[in-house]
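Chain by chain, the residues run as shown.
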Amino acid sequence: MKNYVVILVLIFAFSSCKNTEQEQKKAVTEIIFEDIINEDYELHKSSQNANAVLVLFGGFPESAKDIKREFKILESVKDNNISVLYMNYSRKIWLEQNELSQLSEQLQNIFKTNQLPTDNIYIGGFSSGGNVALLISNFMTNQNSKIIPKGVFIVDSPVDLVALYNTAQKNVERDFSNSAVEESTWLLETLGTQFGTPTDSLFNYEKHAVFTSKTNNINALKNLKNTKIRLYTEPDTLWWKENTMAKYEELNAYYIKKLSESLHAFQFKDVAYIPTKDKGYRSNGERHPHSWAIIDTKDLINWMLN
């Protein structure tokens, strides 16, 4: 009987010690996230050495707060120890060389100031922010900077500026809605003032665009041949026809697919074209295929950590 009691005591003691060790281990490994906010960016930073850093650029004219509202990824990154940098950098459809240099320097300063790890960086962007993500990733990879992304992704971005100009012209001619006409008129004035027309000044468009399908020009991405690339889009042709009268050949989705085909043809190492279906919704519940929500966040994180 005494031996039996001793054994029970030992079992209880061992179990208590094990539970205490597990609790201590859990306390030690608990990850706290800090939110750092200033006028240039918002950083959701892990208290430990993050498994990855995700840099995000919004569409025209999204702020960091807008990205956080529309792209529901925070809970997933917390579970996977990933820091997220939301940039207050938008209103850009293309980037001049001086802008590329300035943005590269800004990103390097942000990483240095906040002591962010640089061994597993991913950069992504929605709409025009996707153009920025691709262009700055290509630039920094070529410059052999301290920030070289392992992967880059876009979300329904207007990668072809010639196509953007031509579609804007058609929207003005159709006169389907005031908002479409206003946006298209602005695009025609902006692109025309900066580059001329595609008919007369095709070279200017090729020089600044991510991709020019008319000439199969991908020069702006040539340094990303060994970088993982994801191209998200939701080619809901019925929605676009009903809401804007646009044909498939006028959608971002059409040129994103052509970009994917060109990158494969030029033997880029890891390119994934990801068309989605009925995933595009804004945070207010509005159905819109041109949305951050088309991204499967869990799948994206697996891609980053794989």
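Residues numbered from 1 in each chain as written. Predicted model: local features only at pLDDT ≥ 70, side-chain atom pairs only at ≥ 80, totals over all residues. Heavy atoms only, no water.

1. Side note on the overall build of the protein
Defined as follows: Helix numbering and strand numbering both begin at the N terminus, where a helix is a DSSP run of H or I of at least 4 residues and a strand a DSSP run of E of at least 2. Three labels apply to residues, based on accessible area from a 1.4 Å probe with only protein chains included: buried if under 20% of the type maximum, exposed if over 50%, partly exposed otherwise in between. Positive charge is attributed to Lys and Arg, negative charge to Asp and Glu, and no charge count is given to His or to the chain ends. A single reference atom marks each charge: NZ on Lys, CZ on Arg, CG on Asp, CD on Glu.
From N to C terminus, the protein includes 11 helices and 8 strands. The dimensions of the protein, computed from C-alpha atoms along their principal axes, are 100 × 45 × 40 Å. For the protein, buried positions account for 48% of its 306 residues. Across the protein, the centroid of the 33 positively charged side chains sits 7 Å from that of the 37 negatively charged ones.

2. Here we look at the sheet that holds strand β7 (residues 228–233)
What counts, and what does not: At least two bridges found by DSSP between two strands are what make those strands a pair. Lines fitted to C-alpha atoms define the axes here, with helix axes fitted over just the stretch in contact, and angles between the N-to-C directions of these axes take values from 0 to 180 degrees. Here, residues are in contact when the closest pair of their heavy atoms is within 4.5 Å.
On the basis of which strands lie adjacent, the open sheet formed by 8 strands has the order β1-β2-β4-β3-β5-β6-β7-β8 and mixed pairing. Among the strands making up the open sheet, the edge pair consists of β1 (33–37) and β8 (270–275). Here the strands of the sheet are splayed against their neighbours by 15 degrees on average, with no regard to which way each runs. Pairing of strand β2 (residues 41–46) with strand β4 (residues 82–87) involves 4 bridges; the strand directions are antiparallel. When the bridges of β4 are listed, Leu-43 appears paired with Leu-85. Running over the sheet, helix α5 (residues 128–143) touches β3 (52–57), β5 (121–126) and β6 (151–155) and is turned about 150 degrees from β5.

3. As for the environment of Trp-240
For Trp-240, the position within the fold is in helix α9 (residues 237–244). Classification of Trp-240 as buried rests on a relative accessible area of 17%. Along the chain, Trp-240 and Glu-261 lie 21 residues apart, while their C-alpha atoms are 23 Å from each other. For Trp-240, the residues in contact, after removing those within four places along its chain, are Glu-234, Met-245, Ala-246, Leu-251, His-288, Pro-289 and His-290.

4. Examining the confidence of the model for the protein
Quick reminder of the rule: A residue's pLDDT is simply how confident the predictor is in it, with values from 0 to 100.
A residue-level look at the protein finds 91% of positions with pLDDT of 70 or above and a mean pLDDT of 91. A low-confidence stretch, residues 1–18 stays under pLDDT 50, and its non-local contacts, those more than four residues away or across chains, total 0 contacts. Taken as a whole, residues 20–28 scores under 50 in pLDDT and shows 1 contact with residues more than four places along the chain or in a different chain.

5. A look at the pattern of salt bridges
Stated precisely, the cut-off is as follows: Note on definitions: salt bridges are taken to be side-chain nitrogens of Lys or Arg within 4 Å of carboxyl oxygens of Asp or Glu.
Summed over the entire model, instances satisfying the criterion amount to 10 salt bridges. Residue Glu-42 pairs with Lys-68 through a salt bridge whose shortest N-O separation is 3.2 Å. Here Glu-42, found in strand β2, pairs with Lys-68, found in helix α2 (residues 64–70); they are 26 residues apart in sequence, far enough to count as distant. For Arg-69, the salt bridge goes to Asp-66, with nearest N and O atoms at 3.0 Å. Of the two residues, Arg-69 and Asp-66 are both situated in helix α2; the distance of 3 residues between them amounts to about one turn of the helix. Three or more residues are tied together by salt bridges with common partners; here these are Glu-234, Asp-236, Asp-278 and Arg-287.

6. Some thoughts on the nonpolar core
Note the following rule: In these notes, a set of buried Ala, Val, Leu, Ile, Met, Phe, Trp, Tyr and Cys residues joined through side-chain atoms within 4.5 Å is what counts as a nonpolar core.
Ranked by internal contacts, the top residues of the largest apolar core, which has 44 residues, are Val-55, Phe-57, Leu-85, Met-87, Leu-103, Leu-107 and Leu-259. Considering each element in turn, this core owes the most residues, 7 residues, to α5. Core analysis: the second largest hydrophobic core is formed by 24 residues, Ile-67, Tyr-86, Tyr-232 and Ile-274 among them.

7. Here we look at the pairing of β6
Sheet faces and side chains relate simply in a regular strand, where the side chains alternate between the two faces. For clarity, the threshold we go by: By convention, a crossover is right-handed whenever its connection, traced from the first strand over the helix to the second and viewed with the strands pointing away, goes clockwise.
Summarising burial for β6: 5 of the 5 residues are buried, a large majority. Side chains of β6 alternate between two faces, with Gly-151, Phe-153 and Val-155 and Val-152 and Ile-154 buried alike. Between the parallel pair β5 and β6, the chain is carried across by α5, and the sense of this crossover is right-handed. Summarising the sheet, β6 and β7 pair through 5 bridges and their orientation is parallel. In the sheet register, Ile-154 faces β7, and the bridge partner there is Leu-231.

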